[in-house]
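# Close look at the chain arrangement
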Amino acid sequence: MSIIGALVAYKGKPAKVVAATTHKYEVSFSDGSSQKVREKDFRYIHPEFSNVTDQCSNADISILNDLQEESLSLQEITEWIFDDFTSQNAWCAYLMSEDGLYFYWSKDALMLRPIEQVKIIQTQRNEKALAAESLERCVANLNNNVFDNDDIVWINEIEQVALNQSKHSKAMSALSIENTPENAHEFLVKLKYWSEFTNPYPQRHKVYLDEEVQVESKKLPRKDLTHLTCLAIDNSDSSDADDAISIDGDMLWIHIADVASYVETDSELDIFAQKRASNLYLPDQILHMLPPELSSFCSLGSSEISDAISIGLRLDSSEISDIEIHLSEIKVTNMSYEDADKVINENEILSKLNNIAISHKIFRNANGAIKLNLPSVDVKIKGDNVSVVPQVDSASRELVAEMMVIAGRTIAQFAIENNISMPYLTQETGNFSSDIIDNIQNLTIAQAFGATKGFKRSKISVKPSMHLGLGLLAYVRVTSPMRRYLDLLVQQQLIRFISKLPILDDSIVKERIKAVNTSLPKVNKAIRQSIEHFKCLYLKQNNTWEGEGVVVEVNGEKALVNIPSLAMMTQIKFKSNVTIEDKVKLKVSSINLFERSVNFKPL
């Protein structure tokens, strides 16, 4: 059958077949143009061409409901719904087939949709049309920096982008804003839907938020150590006391909050903690590794009698002996670092403990321990104000830190002697110049910064090995079971051992280490970026800030500068030459809260 002179559809447009060659047909369009195309590239509509339009008379769609056939030809459909098979009616039937609501193409036949399917598609289209209208109204509002309740669904999409939980927001695209977390964050603050205090970084890095989980108290046989004066020294605003220290004659006691008795190996709570890996101490909030109720319950000093794991030992010429480990009951006195500093020399117990700590630190230093005291700060929020407070040297902080090192050394020794698998923290010898080694206790900020490049990365392994940074033959972290999962794991192993229960072997401990190593990078990013955010906000609130920086590295015209009062590093291009150790006065030149960046310039 010849189709010369027929009406066809080519790429959705009406065309007339005007000629035929061996493999192609020539079709012409209403604008006078023509094109040679293959037969498979157009759809046959009607044997007689006429100028057709997209203006169609009402079709009698209801008649399709009465048809028994599943498929019909275009001509049959046209005759049923329009009565006459004219070029215009056939074109209108074709347009309806392309729309696909009532029937659709399957090769060269039209498949009829069941009435229920038509209703579903129509409902979906109506919802889509309403959503498009809603989005259009929302975009109009957002262009004027306002929003109402009807816009929340679209603003929630923007939130998902800001939290890095979605890559696309229809509203942002409609506003020609690139879909990035930073742009979404900035827009939400501009809109006043978020405040500048809103911290998106924990959720952006998929850190688990706090959850309440029912915790059952447990009564276990415990050694009564309530006669000891146990001091839990911590920050004044701390609510989670992990550890306490005491002394009884020549017996040193380090007490750790008993968490493992409530978080048994492979229990629901254990898996809960594994996923989180660590507490996050952020300027605006604390995100707990364990349910907050459990942390409060286990915190030393939260009640008159506290449950603990007590580690007893004797230190003789820095050698550890007579190690005892008990499930215990203790009475705890909570003290702040500030209060402890005031009485550290007069208080008999604190004074004895401090002398032990100083002696042990001397022992470690003689074994090559290296600690670099680079500036650090506390970033805190009170009301609508951010504060950045430099941490000052504190005798009681040094005391507590050294006691925790002694605890870790003691448990490592105990585990090795009793063949208990543990997550040992190890560190190989670093590469330090003799000048650094000779002046390790009196390094300048620039020298300390330079020395950081000499450290080897610490590792966690089931094989005990030296920790050269601490100057110890073996070491495990043990004193923060409420805050760090591997500390909890150590405590679980100890309790199972002293309770004569099976302990985890190396292969299972390795799995736990791997799980924590997988989770910690996102935790550390969330902490670092949260602190950067609030430092930026502090400088926005104190926009006349001026301070001193120390040049720690020079590279041509640019220099890396440490700002001690902010514990920040910045790169600055100087007009004149500077050298390492130079002190420079700085002011803020620009702040981008959403990129967490601050530019400084010399005064």
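Up top is the structure.
Attention here is on the structure that accompanies the text.

### What about the overall build of the protein?
Each helix and strand in the protein was counted, giving 16 helices and 26 strands. Considered along the principal axes of its C-alpha atoms, the protein spans approximately 110 × 70 × 50 Å. The buried share among the 603 residues of the protein stands at 44%. Looking at the protein alone, contacts between residues at least 24 apart form 65% of all its contacts between residues at least 6 apart. Counting every atom, the protein has about 31500 Å² of accessible surface; 47% of that belongs to carbon and sulfur.

### A few points about the pairing of strand β7 (residues 103-106)
Along β7, the buried face is formed by F103 and W105; none of Y104 and S106, which line the opposite face, is buried. Pairing of β7 with strand β8 (residues 109-112) involves four bridges; the strand directions are antiparallel. Counted as the bridge partner of Y104 is M111 from β8. Linkage of β7 to β8, two consecutive antiparallel strands, is achieved through a turn of two residues, within which K107 is found at a positive phi near 60°.

### Regarding the environment of L520
Position of L520 among the secondary structure elements: in helix α16 (residues 506-541). Residues L520 and R125, spaced 395 residues apart in sequence, show a C-alpha to C-alpha distance of 46 Å. Those residues in contact with L520 that sit more than four places away from it in its chain are A277 and S278.

### Remarks on the side chain of N562
For N562, the location among the structural elements is in strand β23 (residues 558-563). Overall, the relative accessible area of 7% leaves N562 in the buried class. With sequence-adjacent residues up to four places away left out, N562 is seen in contact with P375, I445, E548, G549, V550, V552, M568 and M569.

### Points about the sheet that holds β8
Picture the strands of a sheet paired through backbone hydrogen bonds; they go either parallel or antiparallel. Strand order in this open sheet of three strands is β6-β8-β7, and the pairing throughout is antiparallel. The sheet is open, and its two edges are formed by β6 (71-72) and β7, each paired on a single side. Relative to β7, helix α2 (residues 87-99) is tilted by about 85°, and along the sheet it contacts β7 and β8.

### So, unusual backbone geometry
The phi angle at K192 is positive, at roughly 65°, despite the residue not being glycine. Note that K192 resides in the loop between α6 (181-190) and α7 (201-204). A relative accessible area of 70% means that K192 is categorised as exposed. Look at D322: it is not a glycine, yet its phi comes out positive at around 50°.

### Details of the pairing of strand β19 (residues 385-390)
The pairing of strand β18 (residues 377-382) with β19 spans six bridges and is classified as antiparallel. Paired with K380 across the strands is S387, a residue of β19. Between the end of β18 and the start of β19, which pair antiparallel, lie two residues, with G383 showing a positive phi angle near 65°.

### Remarks on the side chain of S261
Take S261: it is sitting in the loop between β12 (251-257) and α8 (268-276). A polar side-chain atom of S261 sits 2.7 Å from a polar atom in the side chain of D258. In contact with S261, not counting residues within four places along its chain, are K218, L220, R222, L327 and I495.

### What to know about helix α15 (residues 485-498)
Between its first and last C-alpha atoms α15 spans 20 Å; for 14 residues at 1.5 Å apiece the expected length is 20 Å, and the two agree. If you check which residues of α15 are buried, you get Y485, L486, D487, L488, L489, V490, Q491, Q492, Q493, L494 and I495. K500 sits one or two positions beyond α15 and adopts a positive phi of about 60°.

### Some details on the environment of C298
Take C298: it is sitting in helix α9 (residues 292-298). Taking C-alpha positions, C298 is 81 Å from Q75, a pair spaced 223 residues apart along the chain. Those residues in contact with C298 that sit more than four places away from it in its chain are A257, D258, V259, Y262 and M482.

### Remarks on the environment of S195
Looking at where S195 falls in the secondary structure, it is placed in the loop between α6 and α7. Between the C-alpha atom of S195 and that of H185, which follows or precedes it by 10 residues, the distance is 9.8 Å. Of note is the side chain of S195, whose polar atom sits 3.0 Å from the backbone nitrogen of F197.

### A few points about the pattern of salt bridges
In the structure shown here, the tally under the stated rule is 24 salt bridges. For D99, the salt bridge goes to R125, with nearest N and O atoms at 2.9 Å. Linking D99 in helix α2 with R125 in helix α3 (residues 115-143), this pair joins segments that are 26 residues apart in sequence. Residue D99 is classed as partly exposed on the basis of its relative accessible area of 42%. When the shortest N-O distance is used, the salt bridge between E398 and K371 registers 3.6 Å. In this pair, E398 is assigned in helix α12 (residues 395-417) and K371 in the loop between α11 (348-366) and β18, connecting sequence segments 27 residues apart. By relative accessible area, E398 is classed as partly exposed at 39%.

Rules used throughout
- Residues numbered from 1 in each chain as written.
- Predicted model: local features only at pLDDT ≥ 70, side-chain atom pairs only at ≥ 80, totals over all residues.
- Heavy atoms only, no water.
- Helix = DSSP H or I, 4+ residues; strand = E, 2+ residues; numbered from the N terminus.
- Buried < 20%, exposed > 50% of the residue type's maximum accessible area, 1.4 Å probe, protein only.
- Contact = heavy atoms within 4.5 Å.
- Areas by Shrake-Rupley, 256 points an atom, 1.4 Å probe, with all protein chains shown as cover.
- Pairing = 2+ DSSP bridges.
- Axes fitted to C-alpha atoms, helices over the stretch in contact; angles between N-to-C directions.
- Polar contact = N/O pair within 3.5 Å; in protein donor to acceptor, adjacent residues only side chain to side chain.
- Expected span 1.5 Å × (residues − 1).
- Salt bridge = Lys/Arg side-chain N within 4 Å of Asp/Glu carboxyl O.

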